[in-house]
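Chain and residue survey
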Amino acid sequence: MTGLLKIADSLAFGGRQQQWLHDSETLACRMRFSVFLPPAAAHGKVPWLLWLSGLTCSDENFSHKAGAQRLAAQLGIALAIPDTSPRGETVPDDAAYDLGQGAGFYVDAVREPWSRHYRMYDYVSRELPALLRAEFPLNGRCAIAGHSMGGHGALVCAIRRPQDYVSASAFSPICHPVAAPWGRKAFAAYLGDDEAAWAQWDASLLLAERGCPLPLRVDVGLADTFLAEQLQPEALQQAARAGDARLELNRHAGYDHGYYFVASFIDEHLRFHAEHLLT
């Protein structure tokens, strides 16, 4: 456990809500993540959900605001929650909220000054899961989910590496980032000017091209001010039809982009994943 340091540990619904630090080789910095271990984890390995958070967030937003621990404890599902970007004084940053620290976009950057540290796709799809499986009582059944930028990340991970997951879901994801202002800004900075190379990080383009064997669920709020310009769920729906994918797209009147929306429907997402994690 060299470099792995527990910095918080609380009893929650009979399980443990913990926060850890470790030295990431992929991101070349110290990283923080949170884990919720249900009561069943004290007796053996349990299935788990990897949650990816959105712009300006950290590992604490989901663990503090979503209210997922109660049902996760009952179902016997662990929750693993990484940070949204590399952090630290030596890590490049930007004054804007939608680039740099807190805005890793779950891509592997190839452009300076970002390429040394900003490899969040590699981190959340390879390095962190390997660490979690080695150091925590987690079995081989993993689902992935996320919110906003993290919803984009969860969908991209699921489509590119379906062998690693049993299901995927997203709240308010950036579905078509090559056509959204948030995505275009981040991709130009991290990936360079060749827009053809951006397609491998766009869930809608990937789904139309590759399809996806996993069950997918997406929920959006119809009062979300980012819905039409930034999220574009219709593009994902069209891609699912083209790629013959199993996508359940739910639209909710009156709900916006925030964590009240996530908290309102997180139990439905957990039960969706439980159907596949617990079989």
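Cut-offs applied
- Residues numbered from 1 in each chain as written.
- Predicted model: local features only at pLDDT ≥ 70, side-chain atom pairs only at ≥ 80, totals over all residues.
- Heavy atoms only, no water.
- Helix = DSSP H or I, 4+ residues; strand = E, 2+ residues; numbered from the N terminus.
- Rg over C-alpha atoms; globule rule 2.2 N^0.38 Å.
- Buried < 20%, exposed > 50% of the residue type's maximum accessible area, 1.4 Å probe, protein only.
- Contact = heavy atoms within 4.5 Å.
- Areas by Shrake-Rupley, 256 points an atom, 1.4 Å probe, with all protein chains shown as cover.
- Lys, Arg positive; Asp, Glu negative; His and termini not counted.
- Charge placed at Lys NZ, Arg CZ, Asp CG, Glu CD.
- Polar contact = N/O pair within 3.5 Å; in protein donor to acceptor, adjacent residues only side chain to side chain.
- Salt bridge = Lys/Arg side-chain N within 4 Å of Asp/Glu carboxyl O.
- Arc of directions from axis to C-beta.

1. Some words on the overall build of the chain
Helix and strand content of the chain: nine helices and nine strands. The C-alpha atoms of the chain give 17 Å as radius of gyration, which agrees with the globular expectation for 279 residues (19 Å, within 12%). Considering only C-alpha atoms, the chain reaches an extent of 50 × 40 × 35 Å along its principal axes. Classification of the 279 residues of the chain by burial places 61% in the buried group. Contacts in the chain between residues far apart in sequence, at least 24 positions, make up 72% of those at least 6 positions apart. Accessible surface, the chain as shown: approximately 11000 Å² in total, 49% of it carbon and sulfur. Counting 24 positive and 31 negative side-chain charges, the chain places the averaged centre of each group 5 Å from the other.

2. A few points about the side chain of Gln232
Following the sequence through the fold, Gln232 ends up in the loop between helix H7 (227-231) and helix H8 (233-242). Its relative accessible area of 17% is what places Gln232 among the buried residues. Within the local environment of Gln232, its side chain forms a polar contact with the backbone oxygen of Glu229, the two atoms lying 2.9 Å apart. Other than its neighbours up to four places away in sequence, Gln232 contacts Cys175, His176, Ala179, Ala180 and Leu227.

3. Here's the deal with the pattern of salt bridges
Counted by the stated rule, this structure contains 15 salt bridges. The partner of Asp193 in a salt bridge is Arg111, and the shortest N-O contact between them spans 3.6 Å. Separated by 82 residues along the polypeptide, Asp193 in the loop between helix H5 (181-191) and helix H6 (203-210) and Arg111 in the loop between strand S5 (78-82) and helix H3 (120-135) bring together distant segments of the chain. Among the residues examined, Asp193 registers a relative accessible area of 62% and is labelled exposed. In this structure Arg111 comes out as partly exposed when scored by relative accessible area, which is 36%.

4. Comments concerning unusual backbone geometry
Here the residue pair Glu112 and Pro113 is connected by a cis peptide bond, since its omega of 5° sits within 30 degrees of zero. Positionally, Pro113 belongs in the loop between S5 and H3. Backbone geometry at Thr56 places phi at a positive 70°, although glycine is not the residue there. In this fold, Thr56 is placed in the loop between strand S4 (46-52) and helix H1 (60-65). The class for Thr56 is exposed, based on a relative accessible area of 54%.

5. Examining H8
Buried within H8 are the following residues: Pro233, Ala235, Leu236, Ala239 and Ala240. Taken around the axis of H8, the buried residues stretch over an arc of 150°, which confines them to a single face. Turned more than 90 degrees from where H8 packs its buried face, Gln238, Arg241 and Ala242 sit exposed. Residues of H8 that are buried in the fold lie against helix H4 (149-160), H6, strand S8 (216-221), H7 and strand S9 (247-252).

6. Focus on the environment of Phe226
Take Phe226: it is sitting in the loop between S8 and H7. Along the backbone, Phe226 and Ile174 are 52 residues apart, and their C-alpha atoms lie at a distance of 9.2 Å. Excluding residues that lie within four positions of it along the chain, Phe226 makes contacts with Trp182, Leu231 and His257.

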